[in-house]
Amino acid sequence: LQPAQPCRARAPTPARERPDADAEDQQDVRRIKPGVGYSPSRVEEALARMERLAIKQGVDFLRVEPRITRNDRELTLDIEFLLVRGPRIFVERIDIEGNTTTLDRVIRRQFDTVEGDPFNPREIRETAERIRALGYFSESDVNAREGSRPDQVVVDVDVEETTTGSLTFGGSFSSDDGLGITVGFSERNFLGRGQTLGASISASADTANYAINFIEPSFLGRDVAFGLSSSLIETDGDNSLYDTTFAGFRPSLTFPLAERSRLTLYYNAAYSEIENYRGISPTLAAEATLGSQVASAVGFRYRYDSRDTGLNPNAGVLVDTGLEFSGLGGDQNYVKSSLTLVGERKIFNEDVTLRGVLQGGVIAFSSPFQSRAVDRYTDKVMRGFEANGMGPVQLGEFLGGNKFAVAKFEAEFPIGLPAEFGLTGGAFYDIGSIWDVDTIGVAHSVGFKPR
């Protein structure tokens, strides 16, 4: 890595000059090592990181130019990154046209550049990608043209609105729940503010589910997403051992920690109740006598995802982990932890996706508090099992478990239909277990009976 010439930033005052670009610092962030396979996306990512580091260090107008030398005998490429001073050009203004519904500020917050900043073509290209990724516009063009002086540019944003809302009607049939209907509404650009609003109602002979969700992606004008969700679920039927009622309310704040990682902080208030128990398990009978329970909890979730934005466009990983602490009032005192690890790779010209998933979770109640069947993990953590088909059992009745671990392996592949249909084929293999049950003063043993 060699600088072609010194890279000095424009001084805010004649008496003060910002530092030059440091080649050693840039060497540390390029992350391309000898011996790895060549990929244009790797080089592009390295260029972006190096230019971002320069901006962070206060070095304006830096351009990183890759020079590639072929070695046909060895079948290798030598890449030299040159740090050069670009022309001293500033952003005069940003003009936005075509947004009849979407507010200007929703588009402007996709820019890391504001009027008066040094002009960086890479940042403008990345902004154009973020605007397209919003999904609010059928067409979007971001271009730069000369401003009122040769050292200034005007950034033009031309967009064309598209539909961002949907109304859904659906039907289903299940051997457990019978016929069901679903009605849903969602809007991804509510009132042109970039907010997400959704509501849904689903009902069957034994179950009713009501949910509403709201997300403000730029809370108080910052890169912080404020979310608010609430739900009500009621089950009442002869296909289960008891009737249940669940209600939840959860506000949250999500903000970025790094380029591909985000942290969510939330509060969770939940109401749950078991009624009309119709079985013979002493454990479930004792849990039903507890009546309604209220949980008041705080928690966090950390998420790192490089599947779509990492150095390798054909492979990536997802790490999703969290902790929840209940005991801020209410009737329950527990710690719940969870971890999900996902690895993906695309093969055969990116037509086939291979995916491996490891999941685990633990609910630990503090004495004298005990978990109930509605608090524990059920067979829904795995595919391929009938209802209540795996996990701890007592007198033939399934209890759920305080702990679970699952490994999932799957392949997703095309089945010859046009891509616009959105239908693909898949094959999977899951292996896992659910275990550990709190018993409330009963002497009958608890066994494990996978089916």
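Presented here is a report on the structure given in the accompanying data block.

Reading the values: the criteria
Residues numbered from 1 in each chain as written. Predicted model: local features only at pLDDT ≥ 70, side-chain atom pairs only at ≥ 80, totals over all residues. Heavy atoms only, no water. Pairing = 2+ DSSP bridges. Helix = DSSP H or I, 4+ residues; strand = E, 2+ residues; numbered from the N terminus. Axes fitted to C-alpha atoms, helices over the stretch in contact; angles between N-to-C directions. Core = buried A, V, L, I, M, F, W, Y, C linked by side-chain atoms within 4.5 Å. Buried < 20%, exposed > 50% of the residue type's maximum accessible area, 1.4 Å probe, protein only. Contact = heavy atoms within 4.5 Å. Patch = residues over 30% accessible without salt bridge, like charges linked within 9 Å, V, L, I, M, F, W, Y side chains within 5 Å. Areas by Shrake-Rupley, 256 points an atom, 1.4 Å probe, with all protein chains shown as cover. Salt bridge = Lys/Arg side-chain N within 4 Å of Asp/Glu carboxyl O.

With that out of the way, let us pick up the sheet that holds strand S6 (residues 152-161). Strands pair in a sheet through their backbones, by hydrogen bonds, and they do so in one of two ways: parallel or antiparallel. Spatial ordering of the open sheet is given by S4-S6-S5, a layout of 3 strands whose pairing is mixed. The open sheet has two edge strands with one neighbour each: strand S4 (90-97) and strand S5 (137-146). When the angles between neighbouring strand axes are averaged without regard to direction, this sheet yields 15°. Across 7 bridges, the pairing between S4 and S6 is parallel. Looking at S6, one finds that glutamate 97 is bridged to aspartate 158.

Formed by 19 residues in total, the largest nonpolar core has its most connected members in Ile131 and Val157. Listed by contribution, the elements that provide at least two residues to this core are S4, helix H3 (104-108), helix H4 (121-133), S5 and S6. With 4 residues, S6 is the largest single contributor of residues to this core. Setting aside residues no more than four positions away along its own chain, valine 157 makes contact with Ile94, Asp95, Ile96, Glu97, Ile107, Phe111, Ile131, Asp141 and Val142. Ranked by size, the runner-up nonpolar core spans 12 residues in total, among them Ala297, Phe365, Val381 and Met382.

Here we come to unusual backbone geometry. Note that the residue after serine 367, namely proline 368, is joined by a cis bond; omega there is 10°. One non-glycine residue, leucine 191, lies in the positive phi region at around 55°. Secondary-structure assignment places leucine 191 in the loop between strand S8 (178-190) and strand S9 (195-204). Phi is positive for leucine 395, which is not a glycine, with a value near 55°. Taking relative accessible area as the criterion, leucine 395 reaches 49% and is therefore assigned partly exposed.

Bringing a nonpolar patch on the surface into the picture now. Where nonpolar side chains cluster on the molecular surface, the patch consists of Leu167, Phe169, Val183, Phe185, Ile201 and Tyr210 and spans about 600 Å² of accessible area. Those elements that provide at least two residues to the nonpolar patch are strand S7 (165-174) and S8. Structurally, the position occupied by phenylalanine 185 is in strand S8.

So, about the pattern of salt bridges. Think of it this way: side chains of opposite charge can pair up when their charged atoms draw near. Applying the stated criterion across every chain yields a total of 22 salt bridges. Of the charged contacts in the structure, one is a salt bridge between arginine 93 and aspartate 95, with a shortest N-O distance of 3.0 Å. Accessibility expressed as a relative area gives 22% for aspartate 95, which makes it partly exposed. Between aspartate 320 and arginine 303 there is a salt bridge whose closest N-O contact spans 3.3 Å. Taken as a pair, aspartate 320 in strand S15 (residues 315-330) and arginine 303 in strand S14 (residues 293-305) lie far apart in primary sequence, 17 residues in all.

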